[in-house]
Amino acid sequence: MIRALVVVVPARDEEELLADCLDALRRAARHPRVRDLPCRVTVVADACRDATAAIARRHGAQLLELTAGNVGAARAAGSRDALETVLSAQPGLTPDSVWLAHTDADSRVPADWLARQLTHAACGWQAVVGTVRVADWRGHPDNTATAFRLHYQQDQQDQQAGGHRHVHGANLAVRADAYRAAGGFPPLPVGEDRTLVAALEAAGFRVKRTSRNPVTTSARCTPRARGGFGDFLRDLDALTG
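Figured I'd write up the structure that's included with this text. These figures come from a predicted structure and were not determined experimentally.

Rules of the game
- Residues numbered from 1 in each chain as written.
- Predicted model: local features only at pLDDT ≥ 70, side-chain atom pairs only at ≥ 80, totals over all residues.
- Heavy atoms only, no water.
- Pairing = 2+ DSSP bridges.
- Helix = DSSP H or I, 4+ residues; strand = E, 2+ residues; numbered from the N terminus.
- Buried < 20%, exposed > 50% of the residue type's maximum accessible area, 1.4 Å probe, protein only.
- Lys, Arg positive; Asp, Glu negative; His and termini not counted.
- Salt bridge = Lys/Arg side-chain N within 4 Å of Asp/Glu carboxyl O.
- Polar contact = N/O pair within 3.5 Å; in protein donor to acceptor, adjacent residues only side chain to side chain.
- Contact = heavy atoms within 4.5 Å.
- Phe/Tyr/Trp six-rings, centres within 6.5 Å; stacked < 30°, edge-to-face > 60°.
- Lys NZ or Arg CZ within 6 Å of the ring centre and 35° of its normal.

An order of β5-β10-β7 is seen for the 3 strands of this open sheet, with the pairing classed as mixed. Here the strands that pair on one side only, and so sit at the sheet edges, are β5 (107-108) and β7 (132-134). Of the strand pairs in this sheet, β7 and strand β10 (residues 215-217) are connected by 3 bridges, and their pairing is parallel. Bridge pairing in β10 places Val132 opposite Val215.

Next up, the structure:
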């Protein structure tokens, strides 16, 4: 049974979008099905040169500051720090009763995000891999949004039996014992989320892939990480523009 929630949010110069991210997480933590559980939100301000850290503090999040400039290292450090703190603060709490969720600072989770994840956890799933949606396509060619939707639909049709094959750090959660057993996030500048999920599956953990609880993420035209979601959208721009 899950007895505590931890959410880790890596952030690099995210003063424009972090507040909305944290407001959405607050709503998710207040959902009737999870509001009685302690929930610790940790923002990892990594190599930030703006007001990201101040915004995290103002919104009541725990703050961890790094200079790594590496999203994999940021997710790993945030997870390690938050889990150590939660497990030491609550006597009798064990890793198999802690749910470790991840999103991104430029993303907004739905109000039932954590509640739906815990429903899957109660059914024996040890990790949940969700999808993303984009609400604002400004700055992209008109056809990019359509190409994105078709890409997702085709992938889901191809993988109906086992669920979609996308992995997004903006919509990913795992039970803490499974996270540790799989080795956690590697310190990669991109692909750390896919590597973790692959390790979980290789180790035999049950990974639920669902498109029913998407997170709304940014489609900004200046990607933070080369080879990540932003570059994927730029590739779509090139094909459709």
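You will see that Asp13, though not glycine, has its phi angle at about 55°, which is positive. Within the fold, Asp13 resides in the loop between β1 (4-11) and α1 (18-29). Exposure remark for Asp13: the relative accessible area of 18% places this residue in the buried category.

Bringing the side chain of Asp46 into the picture now. Turning to its location among the elements, Asp46 is positioned in strand β2 (residues 39-46). Of the side chains with opposite charge, Arg12 comes closest to the buried, unpaired Asp46, at an N-O distance of 5.8 Å. In terms of polar contacts, Asp46 uses its side chain to reach the backbone amide nitrogen of Asn70, at 2.8 Å. The residues touching Asp46, leaving out its near neighbours within four places in the chain, are Ala11, Arg12, Leu66, Thr67, Ala68, Gly69, Asn70, Val71 and Ala74.

This brings us to the packing of aromatic side chains. Going through the model one piece at a time under the given rule, you end up with 1 aromatic pair. Relative to Phe185, the ring of Tyr179 has its centre 5.6 Å away and its plane inclined at 55°; by these criteria the two rings are tilted. For Tyr179, a relative accessible area of 6% corresponds to the buried category. Arg75 extends its terminal NZ or CZ atom over the ring of Phe185, reaching a point 5.9 Å from the ring centre. Between the NZ or CZ atom of Arg206 and the centre of the ring of Trp125, over which it lies, the distance is 4.0 Å.

Before going further, it helps to spend a moment on the pattern of salt bridges. Side chains that differ in charge, positive against negative, can pair when their charged atoms come close. Within this structure, the stated rule accounts for 10 salt bridges. As a salt-bridge pair, Glu192 and Arg75 come within 2.7 Å of each other at their nearest N and O atoms. A residue pair is termed long-range when its members are at least 10 positions apart, and Glu192 in helix α7 (residues 192-202) and Arg75 in helix α3 (residues 71-89) qualify at 117 residues. One salt bridge in this structure joins Glu201 and Arg209, with 3.2 Å as the shortest N-O distance. On the basis of relative accessible area, Glu201 is assigned to the partly exposed category, the value being 32%. Judged by relative accessible area, which is 9%, Arg209 ranks as buried. Look at the salt bridges and you will find they share partners, linking Arg75, Asp104 and Glu192 into a network.

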